[in-house]
Amino acid sequence: MGYPELGKLPVSISIGLPMTQSEQTATPRVWLLFGQKAGDNNQVLALAEQLGWPYTIKTIHHQPWELVTNLLLGPNLKGVKLRTSSSLEAPWPDLIISAGRRNEPVARWIRHQSSGHSRLVHIGRPWAPLASWDLIVTTPQYFLPTADNVLLNRLPLHRITPERLALEATTESPWHNLPRPYTAVLLGGDSGQFVFTAEKGQRMGLLANTLVKRMGGSVLISDSRRTPVAASEAFWKQLSVPAWRHNWHDGQNSNPYMALLAQADQLVVTGESMSMLAEATATGKLLFIFDMSDRDSRWWRQCHNYRHKPLSHRLAMALGPRRMRRDIARIQEALVADGRAVWLDSERISQDGLFSGRNTTASGTGCEAAAQRIRDMFG
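Bear in mind that the values here come from a model prediction, so they are computed numbers and not experimental data.

Enquirer: Is there a simple way to explain the overall build of the protein in this structure?
Expert: A tally of regular secondary structure across the protein gives 13 helices and 13 strands. Of all intrachain contacts in the protein linking residues separated by at least 6 positions in sequence, the fraction that spans at least 24 positions is 69%. Carbon and sulfur atoms make up 52% of the accessible area of the protein, which totals about 17800 Å².

Here it is, written out as structure tokens:
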């Protein structure tokens with residue numbers, strides 16, 4: 001998922017109102033490092049918007065071999081496609097905000113060019129030593145130790161605000177003739193140990209269909225770039241209730257993600273995406289999480305778990321150092337324990353009182369504390 005407007009950004013762009021000479025002196029020069037993942041870019045942009053300072057977006061494209069050069073050479077640009085990426089040259093920024101492994105060496109290289117002047121803020125879990133960063137904004141699925149430069153948020157940063165939702169709620173949608181209430185289903189895809197198979201798509205479709213039959217109304221579905229076609233089709237074939245579908249793989253319609261968040265009465269999401277969980281929670285609506293784990297705990301008996309990503313993730317979780325591990329179940333379980341979400345399964349769907357008494361308080365963007373830490377950094 002994500003915001004379609006990010007994909008339309010030019011390679012390098014500066015955003016902000018014209019400043020007076022005194023404001024230019026007082027306001028830090030900010031660079032945002034964008035990469036290939038919309039979720040990372042959205043978090044970087046969310047924090048910059050919360051700061052309210054003018055910023056320049058630097059889009060970085062990477063070579064296929066970037067993992068080797070980034071891990072072995074430290075701060076460098078050896079893994080960057082310089083011809084298609086934004087220019088990186090003086091005057092150097094006062095503040096760099098990055099997210100994701102690929103742009104870490106770039107941020108550290110820029111600080112080296114600035115003779116150590118540039119402050120570095122990283123979102124997520126950095127691979128470089130923690131002392132390399134002035135501030136790390138992280139979340140519970142990473143196992144980072146407590147440190148003065150580590151800020152632990154309960155959920156990832158995002159850009160979902162009441163104002164954005166209110167605007168989207170008033171726009172006419174292609175599903176406006178379907179009966180309410182609306183149950184929006186947001187399909188993610190493969191991530192880490194999670195593989196979205198056709199069997200899981202079928203099971204999720206049956207559960208969503210049962211849920212909407214009990215609640216009434218319609219189901220509104222949107223998949224994403226990461227959603228396997230087989231899983232999306234298997235989900236769609238299970239529906240007998242009134243439904244509307246956005247098929248990302250058709251490539252014809254604009255992304256309805258924000259409108260679905262705004263106009264849905266309740267939400268169903270796949271549980272592998274921490275960004276999607278945070279954005280769905282921010283609406284304050286009843287949230288159902290579909291567990292993407294394999295039903296058979298003996299993962300080695302499933303052929304799909306021998307693909308590169310799920311296998312490498314399991315090996316890293318088993319053999320890697322603690323702070324390099326990732327367990328999104330920690331976020332899922334916290335949301336359920338707080339009453340902000342429920343699991344999508346047949347037992348819970350059949351429970352009386354499932355749709356009442358839930359804690360449906362909308363949260364903020366999660367950027368407030370991080371922005372204040374940055375302001376304090378600059379005095």
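Let us keep going from here.
Enquirer: What is the right way to look at the nonpolar core in this model?
Expert: Burial of nonpolar side chains together is a common tendency in soluble globular proteins. With 74 residues, the main nonpolar core has Ile-110, Val-185, Met-204 and Leu-344 as its most contacted residues. Sequence-distant contacts of Met-204, defined by excluding residues within four places in its chain, comprise Val-185, Leu-187, Phe-196, Phe-235, Val-268, Val-269, Thr-270, Phe-290 and Leu-344. Among the nonpolar cores identified, the runner-up in size contains 26 residues, and Val-30, Phe-34, Leu-45 and Ile-97 belong to it.

Enquirer: Before we go on, may I ask you to explain the pairing of strand S9 (residues 218–222) in this structure?
Expert: The side chains of a regular strand alternate between both faces of the sheet. The element S9 is largely enclosed, with a buried count of five among its five residues. Here S9 shows two buried faces, one formed by Ser-218, Leu-220 and Ser-222 and the other by Val-219 and Ile-221. With five bridges connecting them, strand S8 (residues 182–186) and S9 associate as parallel partners. Within the sheet, the bridge partner assigned to Leu-186 lies in S9 and is Ser-222. Handedness of the crossover joining S9 and strand S10 (residues 243–246) through helix H7 (residues 229–236): right-handed.

Enquirer: Help me understand the pattern of salt bridges, please; the structure alone is not making it clear to me.
Expert: Applying the stated rule across the entire model yields ten salt bridges. As a salt-bridge pair, Glu-66 and Arg-102 come within 3.4 Å of each other at their nearest N and O atoms. Here the residue Glu-66 occupies a position in helix H3 (residues 66–73), and Arg-102 occupies one in the loop between strand S4 (95–99) and helix H4 (104–113), the gap between them amounting to 36 residues. Judged by relative accessible area, which is 5%, Glu-66 ranks as buried. Taking relative accessible area as the criterion, Arg-102 reaches 24% and is therefore assigned partly exposed. We note a salt bridge from Glu-233 to Arg-245, for which the minimum N-O separation is 2.9 Å. Of this pair, Glu-233 sits in helix H7 while Arg-245 sits in strand S10; the two residues are twelve residues apart in sequence, bridging distant segments of the chain. Via salt bridges that share partners, Glu-49, Arg-159 and Arg-164 belong to a single interconnected network.

Enquirer: Just checking my understanding: could you explain the environment of Ile-331 for this structure?
Expert: By the secondary structure assignment, Ile-331 is in helix H11 (residues 329–337). In the structure, Ile-331 is positioned 175 residues away from Pro-156 in sequence and 9.7 Å away in space, judged by C-alpha atoms. Among all residues touching Ile-331, those that are not within four sequence positions of it are Thr-139, Pro-140, Gln-141, Arg-154, Leu-155, Pro-156, Met-274 and Leu-277.

Enquirer: Would you explain the environment of Ala-198 in this entry?
Expert: With respect to the helices and strands, Ala-198 occurs in helix H6 (residues 198–215). If near-sequence neighbours (up to four positions away) are discounted, Ala-198 is found in contact with Ala-230, Ala-231 and Ala-234.

Enquirer: I keep staring at the packing of aromatic side chains and nothing clicks. Help me out?
Expert: Two numbers describe a pair of aromatic rings. These are the distance of the centres and the angle of the planes. A full pass over the atoms with the stated rule returns four aromatic pairs. Geometrically, the ring pair formed by Trp-92 and Trp-109 is edge-to-face, given 5.9 Å between the ring centres and 85° between the ring planes. One end of the pair, Trp-92, is in the loop between H3 and S4; the other, Trp-109, is in helix H4, and 17 residues separate them in sequence. Judged by its relative accessible area of 19%, Trp-109 is buried. Following the ring pairs from residue to residue traces out a cluster consisting of Trp-31, Trp-92 and Trp-109.

Criteria and thresholds
Note that residues are indexed from 1 along each chain, following the sequence as it is written. In keeping with the predicted nature of the model, local features appear solely for residues at pLDDT of at least 70, side-chain atom pairs appear and are counted solely at 80 or more, and the whole-chain, interface and lining totals rest on all residues. Side-chain descriptors were evaluated using all non-hydrogen atoms of the structure, hydrogens and water having been removed beforehand. Only runs of H or I of at least four residues qualify as helices and only runs of E of at least two qualify as strands under DSSP, and these elements are numbered from the N terminus. Residues are treated as being in contact if the distance between any of their heavy atoms lies within 4.5 Å. Computed with a 1.4 Å probe, the accessible areas rest on the Shrake-Rupley method; for each residue, only the protein chains presented here act as cover. Residues enter a nonpolar core if they are buried and are Ala, Val, Leu, Ile, Met, Phe, Trp, Tyr or Cys, with the set joined through side-chain atoms within 4.5 Å. To sort residues, take the accessible area from a 1.4 Å probe on protein chains only and compare it with the maximum for the residue type: under 20% means buried, over 50% means exposed, and anything in between is partly exposed. Only strands that DSSP links by at least two bridges are regarded as paired with each other. By convention, a crossover is right-handed whenever its connection, traced from the first strand over the helix to the second and viewed with the strands pointing away, goes clockwise. Definition used for salt bridges: Asp or Glu carboxyl oxygen within 4 Å of a side-chain nitrogen of Lys or Arg. Pairing of aromatic side chains here covers Phe, Tyr and the six-membered ring of Trp, requires ring centres within 6.5 Å, and sorts the geometry by plane angle: under 30 degrees stacked, over 60 edge-to-face, intermediate tilted.

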